[in-house]
Amino acid sequence: MMSVLEEVVEKLRREKDIFSEMLQIADRQLQLARGAEDESWLDEFLRLLELRQGLMQEVDQLTKEVEAVRARPGSYEETGEVREKYRTLVDEIKGLIAQIQAKDTTCQEIMQARLKGLEEKLGEVRTSRKANQAYRLPPGTNPAWFIDKKR
């Protein structure tokens, strides 16, 4: 029978695999954000966000399972090898999370800059439309004439 810490280590291995997958997804999202020239990138970006959401739900479930294992009575007297595996996995997971956060921050900055650019273009289009409407007469109207009678 596995000890409490050995069970926790097994769950942490799965968690590490999930975070590795999430890092790959974050990397792909960053590539999409940097290289998007047409609108097709957005569908892929949103699909990846959905995938990440599913992975986060798995992490949440694993966290609950780890808490349940830790709450059980059992022996925590482990060999140095098991403790070392535990510490190594925790450090690796923390490293993966830091890398994911860095990629997400960069991606968010790119997306905000892109959104600002779109807002500026939209403002230009609105200004052009208003100017165009001001110079066009609606069909069927006669232009008003102004006669200067002061002369």
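Look a little higher up for the structure.
Reading the values: rules and limits
Residues numbered from 1 in each chain as written. Predicted model: local features only at pLDDT ≥ 70, side-chain atom pairs only at ≥ 80, totals over all residues. Heavy atoms only, no water. Helix = DSSP H or I, 4+ residues; strand = E, 2+ residues; numbered from the N terminus. Buried < 20%, exposed > 50% of the residue type's maximum accessible area, 1.4 Å probe, protein only. Contact = heavy atoms within 4.5 Å. Areas by Shrake-Rupley, 256 points an atom, 1.4 Å probe, with all protein chains shown as cover. Axes fitted to C-alpha atoms, helices over the stretch in contact; angles between N-to-C directions. Parallel < 35°, antiparallel > 145°, perpendicular 65-115°, else oblique. Left-handed = near helix turned anticlockwise from the far one by under 90°. Nonpolar A, V, L, I, M, F, W, Y, C, P; charged D, E, K, R; others polar. Polar contact = N/O pair within 3.5 Å; in protein donor to acceptor, adjacent residues only side chain to side chain. Core = buried A, V, L, I, M, F, W, Y, C linked by side-chain atoms within 4.5 Å. Salt bridge = Lys/Arg side-chain N within 4 Å of Asp/Glu carboxyl O. Phe/Tyr/Trp six-rings, centres within 6.5 Å; stacked < 30°, edge-to-face > 60°. Lys NZ or Arg CZ within 6 Å of the ring centre and 35° of its normal. Expected span 1.5 Å × (residues − 1).

(A) Spatial organisation of the overall build of the protein. Each helix and strand counted, the protein has three helices and zero strands in total. When the helices and strands of the protein are placed in sequence order, the string is α-α-α. Across the 151 residues that make up the protein, the buried fraction comes to 23%. Once local pairs closer than 6 in sequence are excluded, the contacts in the protein between residues at least 24 apart make up 83%. Total accessible area computed for the protein in this model is approximately 11600 Å², and 53% of it derives from carbon and sulfur atoms.

(B) Quick look at the packing of helix 1 (residues 4-35) against helix 2 (residues 40-71). Contact pair helix 1 / helix 2: the axes reach a minimum separation of 10 Å and the direction vectors enclose 165 degrees. Comparing the axis directions of helix 1 and helix 2 gives the class roughly antiparallel. In terms of crossing hand, the pair formed by helix 1 and helix 2 is left-handed. Considered class by class, the residues forming the contact of helix 1 with helix 2 number 19 nonpolar, two polar and eleven charged.

(C) Here's a closer look at the side chain of Arg-52. Looking at the element boundaries, Arg-52 is found in helix 2. Taking the relative accessible area as the measure of exposure, Arg-52 reaches 12% and is therefore buried. Reaching out from Arg-52, the side chain makes a polar contact with the side chain of Gln-29 at a distance of 2.8 Å. Residues within four places of Arg-52 in sequence aside, it is in contact with Met-22, Ile-25, Ala-26, Gln-29, Ile-100 and Asp-104.

(D) Seen up close, the nonpolar core. The biggest cluster of nonpolar side chains holds 28 residues, and the ones touching the most others in it are Ile-18, Phe-19, Met-22 and Ile-100. Going through the elements one at a time, helix 1, helix 2 and helix 3 (80-135) are the ones with two or more residues in this core. Dropping the residues within four chain positions of it, Ile-100 is found in contact with Phe-19, Met-22, Leu-23, Ala-26 and Arg-52.

(E) Representation of the pattern of salt bridges within the structure. Counted under the stated rule, the structure contains eight salt bridges. A salt bridge links Arg-13 to Glu-10; its shortest N-O distance comes to 2.4 Å. Of the two residues, Arg-13 and Glu-10 both sit in helix 1, three residues apart, roughly one turn of that helix. Across the pair Lys-85 and Glu-81 runs a salt bridge, and its minimum N-O distance is 3.6 Å. With Lys-85 and Glu-81 both in helix 3, this residue pair falls four residues apart, about one helical turn. Owing to a relative accessible area of 53%, Glu-81 belongs among the exposed residues under this scheme.

(F) The packing of aromatic side chains, seen in detail. Applying the stated rule across the entire model yields one aromatic pair. Here the aromatic rings of Trp-41 and Phe-45 are separated by 5.8 Å at their centres, their planes lie at 75 degrees, and the arrangement is edge-to-face. Pair noted here: Trp-41 and Phe-45 are both in helix 2, with a separation of four residues, about one helical turn. Each member of the pair Trp-41 and Phe-45 is classed as buried. The residue whose ring lies beneath Arg-114 is Trp-41, and the NZ or CZ to ring-centre distance is 5.3 Å.

(G) Up close: helix 2. Taking 1.5 Å per residue, 32 residues should reach 46 Å; helix 2 reaches 48 Å between its end C-alpha atoms and fits that length. The complete set of buried residues in helix 2 reads Trp-41, Phe-45, Leu-48, Arg-52, Leu-55, Val-59, Leu-62, Val-66 and Val-69.

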